Amino acid sequence: MLNLFGLARIRVIEKEIAREYQKREMRCPIHLSIGQEAIPVGVSKSLNTKDYIVSTHRCHAHYIAKGGSIQKLISELYGKEDGACKGIGGSMHLHDKSINHLCSIPIVGGSIPIGVGIGYALKLKNKKNVSVIYFGDAATEEGVFFESLHFAALKKLPVIFVCEDNKYSVYTSINARQGNRSLKKIVESLNIKFINTLNNNVNDIEQKTLQARSYAISNGPVFIYSKTYRHLEHCGPNNDDDLKYRPKKEIDYWLKRDPIIIEIQKLKKIKRFNENKYLDFCNSVRKEIITSFVNAKKSKPFTFSKLSKLEYAK
Amino acid sequence: MPNKNNLFTDAISDAFVQSMQKNKNVIIMGEGVTDPKGIFNTTCEALKRFGPQRVIETPVSENAMTGIQIGMSLLGKKSIFIHARVDFSLLAFDQLINNASKWHFMYGGTMNIPIVIRLIIGRGWGQGPQHSQSLESVFSHFPGLKVVVPSTAHDCKGLMISSIFDKNPVVFIEHRWLHNYSSNYSKKFYKISLNDSIGLKKKGKDLTILSSSIMLIESLKVEKILKKFGISLEILDLRVLRPLNLKKLFTSIKKTKNFLFVDNGWKSFGVGSEIFANILEKKLILKNTPVRLACKNFPTPSSHYLNKDYYVTVKDICLEVCKILSVKKSTQKKIIIQCDKILSKVPHDLPDLNFKGPF
Ligand SMILES: Cc1ncc(C[n+]2csc(CCOP(=O)(O)OP(=O)(O)O)c2C)c(N)n1
Ligand SMILES: [Mg+2]
């Protein structure tokens, strides 16, 4: 049930954040990953702890799946000194150097070249590790996306590009933004291996990332493309289906293919699903996160007068 | 005549080679860094000694390459990325401004980005609107960046070495026309602090001129001319724009009580604007109204017919000094004759008579 636990851990944390957020004490935007957990769980599971990841505005799941400190995440949302960025970066800059999650950047496409740079340094240092770059479907419309893939391919870098296609950029559908172009052709035209995955299927994503990882280290960049769907609004703790920018049929389709449902169905089929264990696990995560809320509320904010000293590294 | 081994470009080359010797993580990247001209002969020696693994040719992808620099620096690589013109670096503004400049701050001091962005300001031989912008004031606006604008070979080498070993992103802006100037500099490995914005280039008592880069060189020529007429100028070199430390300027103005600023770029929202604001805030009392000289307030026209009066010349500076100090008309006439003589020696769109490029 390891994969199920991986998914559930993120789901519970995100749901608790959404619930607690209503109190308006976490005063920063949140881009929740509910519905999109399969990709980071599958990817992280096939990574070595010394592999690197970089992420975007929607970074919670990437961070949690890689093993980032929950307290640092929660305290950051509360704007406190013990947060990942001392409360200075906020929810969209999660990182934890101790697990090699080096940055999250909310400028669409902004972390893609950073991840390529990490891959280049790994290659120059002869390290047998990969740099994983998470980004959404909209990032593939940016110029820097092309430039970055181009360079990674040119230098055959140990980089795995992970495109999480949730079909939307805020309220705008991919059809309106991309027409019927083929991302696969674009990627392959740069001599980058393109791998499609089964939607929201954590096992499939894990297996494909494992292949991608060894390919990337010996041959060069791989592009993992994975369709998924977010359950809640683009930014914030609520459901916004009343706005009707996403067709009801589409929503229903994806809710039935929720990664947790898929995983439970699979476990049931092979008679490996233990409901009590599952519920116990969810409860233990809930306890952990509630403790984090309590701690975060108690901790202090960073000192304003020390901010100017952070302009430069000494 | 330039001395063969003491050129401004030799100083840069020296700084690269010695820094790369000191630390194996130092690398050079850019478009053309391995080509036969080696960025005005500043990367050839490094390439010869350290090879293409450390002097790295890149695709023409400015924004991604800057992000790649940042990513590499997170794993300990110290890279210098070279843009043969300042103008090209505008394509990298997202990575430079949104990421590099605020990384240390934004991530709560957990990381820092020790990179150098080396930019060259073009001028002359029809460079035109998109190959000759002096944008140092733009870069200086952003917290977290350091901005260095050297004017002599000696300063250039020491400042470049400091920039390479600084823990922060440094924008290093040099003027193409400085390249063929020679001046003595030590062949040793030395640093000049980036916390010391101003270098005192000439002591004087009547008026303080502050300027940077090629305009500092022009100001030094002016000092020489006016000395013959009994006018004593104090020439200060504003070589680090950020962090800005104007102590030496304030001391100088308190002594001379007259001030002229000569800008490399445009006047509005320019470097001079910042300097004047600081002087105001310091409540310094001047004898005469201070003046800013700058390029005309429009983009650089390409035609040599049209850019003749675009840049500030030694004559403009001399006349302005005369105005501020109310120099006698008869003396002014003699000064103008001197200036015209100097200006007529070299066409206005060339740094020197022998100049044939590369541009
Ligand atoms: C350069 C840039 N342009 C626009 C935005 C505004 N913006 C924030 S999130 C977002 C949607 C990005 O969509 P996608 O990359 O698919 O990620 P998702 O939110 O779907 O996970 C946009 C357009 C931005 N942050 N950065
Ligand atoms: Mg999307």
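Note that the coordinates shown come from a computational prediction; the quantities given were computed from them, not determined experimentally.

1. Examining the overall build of chain B
For step 1, the next point in the chain: Along chain B, the regular secondary structure elements total 13 helices and twelve strands.
For step 2, the next point in the chain: Compactness check: chain B gives a C-alpha radius of gyration of 20 Å against a globular reference of 21 Å for 359 residues, within 12% of the reference.
For step 3, the next point in the chain: Once the C-alpha set of chain B is aligned to its principal axes, its extents read approximately 65 × 45 × 40 Å.
For step 4, the next point in the chain: Residues counted as buried form 60% of the 359 residues belonging to chain B.
For step 5, the next point in the chain: The long-range fraction of contacts in chain B, counting pairs at least 24 apart against all pairs at least 6 apart in sequence, stands at 81%.
For step 6, the next point in the chain: On chain B, roughly 14,500 Å² of surface is accessible, and the fraction owed to carbon and sulfur atoms is 57%.
For step 7, the next point in the chain: One finds the centroid of the 51 positive side-chain charges in chain B at a distance of 7 Å from the centroid of its 28 negative side-chain charges.

2. Brief notes about a nonpolar patch on the surface
For step 1, the next point in the chain: Judged by side-chain polarity, Val170(A), Tyr171(A) and Leu243(A) come together as a nonpolar surface patch covering roughly 270 Å² of accessible area.
For step 2, the next point in the chain: Note on placement: Leu243(A) falls in the loop between strand E8 (222-227) and helix H10 (248-256).

3. A few points about the coordination of the magnesium ion (ligand 2)
All names here are of chain A.
For step 1, the next point in the chain: Around the magnesium ion (ligand 2), the protein contributes the donor atoms Asp137 (OD), Asn166 (OD1) and Tyr168 (O), which lie 2.1 Å from the metal centre.
For step 2, the next point in the chain: Linear spacing of the donor residues for the magnesium ion (ligand 2) on their chain is D-x28-N-x1-Y. With respect to class, Asn166 is no different from Tyr168; both count as buried.

4. Some points on the pairing of strand E4 (residues 116-121) of chain B
Residue and element names in this part refer to chain B.
For step 1, the next point in the chain: A large share of E4 lies buried, amounting to six of its six residues.
For step 2, the next point in the chain: What you see with E4 is no split at all: Val116, Arg118 and Ile120 on one side and Ile117, Leu119 and Ile121 on the other are buried throughout.
For step 3, the next point in the chain: One ladder, built from four bridges, connects strand E3 (residues 78-83) with E4; its direction is parallel. Pairing of Phe81 across the sheet is with Ile117, part of E4.

5. Comments concerning the nonpolar core
For step 1, the next point in the chain: Membership of the largest hydrophobic core comes to 138 residues, with the highest contact counts inside it found for Phe161(A), Phe223(A), Trp103(B) and Phe139(B).
For step 2, the next point in the chain: Ranked by the residues each element gives to this core, the list is headed by helix H1 (residues 2-21) of chain A, at ten residues.
For step 3, the next point in the chain: Looking at which domains feed residues into this core, each of domain 1 (8-178) and domain 2 (199-345) of chain B supplies at least three.
For step 4, the next point in the chain: Those residues in contact with Phe223(A) that lie beyond four places of it in its chain are Phe135(A), Phe145(A), Leu149(A), Phe161(A), Cys163(A), Leu183(A), Val187(A), Ile192(A), Lys193(A), Phe194(A) and Ile195(A).
For step 5, the next point in the chain: By size, the runner-up hydrophobic cluster in this structure holds 61 residues, among which are Val116(B), Ala153(B), Val291(B) and Cys322(B).

6. Side note on the sheet that holds strand E12 (residues 291-295) of chain B
All names here are of chain B.
For step 1, the next point in the chain: The strand order across the open sheet built from five strands is E7-E9-E8-E11-E12, with neighbouring strands paired in mixed fashion. Two strands in the sheet have a free side with no partner beyond their single neighbour: strand E7 (198-202) and E12. Across the sheet, the axes of successive neighbouring strands diverge by a mean angle of 25°, strand direction being ignored.
For step 2, the next point in the chain: Relative to E12, strand E11 (residues 259-266) is paired through four bridges, and the arrangement is parallel. Each residue of the ladder has a partner; that of Val262, found in E12, is Leu293.
For step 3, the next point in the chain: Packing against the sheet, helix H11 (residues 271-281) makes contact with strand E8 (207-211), strand E9 (233-238), E11 and E12, and its axis sits at approximately 150° to E11.

7. Points about the site of ligand 1
Residue and element names in this part refer to chain A.
For step 1, the next point in the chain: Of all residues adjacent to ligand 1, which total 15 residues, the nearest are His57, Arg58, Pro106, Asp137 and Asn166.
For step 2, the next point in the chain: Ala138 is positioned such that a nitrogen or oxygen atom in its backbone is 3.0 Å from an oxygen atom of ligand 1.
For step 3, the next point in the chain: Within the backbone of Tyr168, an N or O atom sits 2.9 Å from an oxygen atom of ligand 1.
For step 4, the next point in the chain: Within the complex, the protein chains bury 72% of what would otherwise be the 570 Å² of accessible surface of ligand 1.
For step 5, the next point in the chain: Tallied by class, residues from the shell around ligand 1 come to seven nonpolar, five polar and three charged.

8. A closer look at unusual backbone geometry
For step 1, the next point in the chain: Each neighbour pair has its own omega, and for Arg242(B) with Pro243(B) the value is 0°, a cis peptide bond.
For step 2, the next point in the chain: Note on placement: Pro243(B) falls in the loop between strand E10 (240-242) and helix H10 (247-256).
For step 3, the next point in the chain: Backbone geometry places Asn126(A), a non-glycine residue, at a positive phi of 55°.
For step 4, the next point in the chain: Checked against the element boundaries, Asn126(A) lands in the loop between helix H5 (112-124) and strand E3 (131-136).
For step 5, the next point in the chain: Unlike most non-glycine residues, Ile39(B) shows phi in positive territory, near 45°.
For step 6, the next point in the chain: Structurally, the position occupied by Ile39(B) is in helix H2 (residues 38-41).

9. Some thoughts on a positive patch on the surface
Residue and element names in this part refer to chain B.
For step 1, the next point in the chain: On the surface, a cluster of positive charge is made up of Lys202, Lys224, Lys227, Lys228, Lys341 and Lys345.
For step 2, the next point in the chain: Sorting the residues of the positive patch by element identifies helix H9 (213-227) and helix H13 (329-345) as the ones contributing at least two each.
For step 3, the next point in the chain: Mapped onto the fold, Lys341 is located in helix H13.
For step 4, the next point in the chain: With a relative accessible area of 56%, Lys341 lands in the exposed category.

10. What about the state of the cysteines?
For step 1, the next point in the chain: This structure, assessed with the given rule, holds zero disulfides over all chains.
For step 2, the next point in the chain: Summary of cysteine pairing: Cys163(A) is not part of a disulfide, and the nearest cysteine sulfur, belonging to Cys59(A), is at 17 Å.

11. Quick look at the packing of aromatic side chains
Residues and elements named next belong to chain B.
For step 1, the next point in the chain: Tallied over the full model, the rule gives 25 aromatic pairs over all chains.
For step 2, the next point in the chain: Ring centres of Trp125 and Phe359 lie 6.1 Å apart, and the angle between their planes is 10°; on these two criteria the pair is classed as stacked. With Trp125 in the loop between E4 and helix H7 (136-139) and Phe359 in the segment after H13, the pair connects residues that are 234 residues apart, well separated along the chain.
For step 3, the next point in the chain: Judged by its relative accessible area of 34%, Phe359 falls in the partly exposed class.

12. Notes on the domain arrangement of chain B
Residue and element names in this part refer to chain B.
For step 1, the next point in the chain: Assigned domains within chain B: domain 1 (8-178) and domain 2 (199-345).
For step 2, the next point in the chain: Averaged C-alpha coordinates put domain 1 and domain 2 at centres separated by 28 Å.
For step 3, the next point in the chain: With 29 residues of domain 1 at the interface, the matching set in domain 2 holds 26 residues.
For step 4, the next point in the chain: When the two sides are added together, the surface that domain 1 and domain 2 hide from each other amounts to roughly 2,100 Å², 57% of it contributed by carbon and sulfur.
For step 5, the next point in the chain: If you sort the residues of domain 1 by the area they bury against domain 2, Arg123, Val149 and Ser151 come out on top, with a joint share of 24%.
For step 6, the next point in the chain: At the boundary of domain 1 with domain 2, the tally comes to two salt bridges.
For step 7, the next point in the chain: Close ionic contact of Asp155 with Arg239 constitutes a salt bridge, the shortest N to O distance being 3.3 Å.

Cut-off values and rules
- Residues numbered from 1 in each chain as written.
- Chains lettered and ligands numbered in written order.
- Predicted model: local features only at pLDDT ≥ 70, side-chain atom pairs only at ≥ 80, totals over all residues.
- Heavy atoms only, no water.
- Helix = DSSP H or I, 4+ residues; strand = E, 2+ residues; numbered from the N terminus.
- Rg over C-alpha atoms; globule rule 2.2 N^0.38 Å.
- Buried < 20%, exposed > 50% of the residue type's maximum accessible area, 1.4 Å probe, protein only.
- Contact = heavy atoms within 4.5 Å.
- Areas by Shrake-Rupley, 256 points an atom, 1.4 Å probe, with all protein chains shown as cover.
- Lys, Arg positive; Asp, Glu negative; His and termini not counted.
- Charge placed at Lys NZ, Arg CZ, Asp CG, Glu CD.
- Patch = residues over 30% accessible without salt bridge, like charges linked within 9 Å, V, L, I, M, F, W, Y side chains within 5 Å.
- Salt bridge = Lys/Arg side-chain N within 4 Å of Asp/Glu carboxyl O.
- Donors = N, O, S within 2.8 Å, 3.2 Å for Na, K, Ca; no water.
- Pairing = 2+ DSSP bridges.
- Core = buried A, V, L, I, M, F, W, Y, C linked by side-chain atoms within 4.5 Å.
- Domains from an automatic or database assignment.
- Axes fitted to C-alpha atoms, helices over the stretch in contact; angles between N-to-C directions.
- Near = heavy atom within 4 Å.
- Polar contact = N/O pair within 3.5 Å; in protein donor to acceptor, adjacent residues only side chain to side chain.
- Nonpolar A, V, L, I, M, F, W, Y, C, P; charged D, E, K, R; others polar.
- Disulfide = S-S within 2.5 Å.
- Phe/Tyr/Trp six-rings, centres within 6.5 Å; stacked < 30°, edge-to-face > 60°.
- Buried area = accessible area lost by both parts, 1.4 Å probe.

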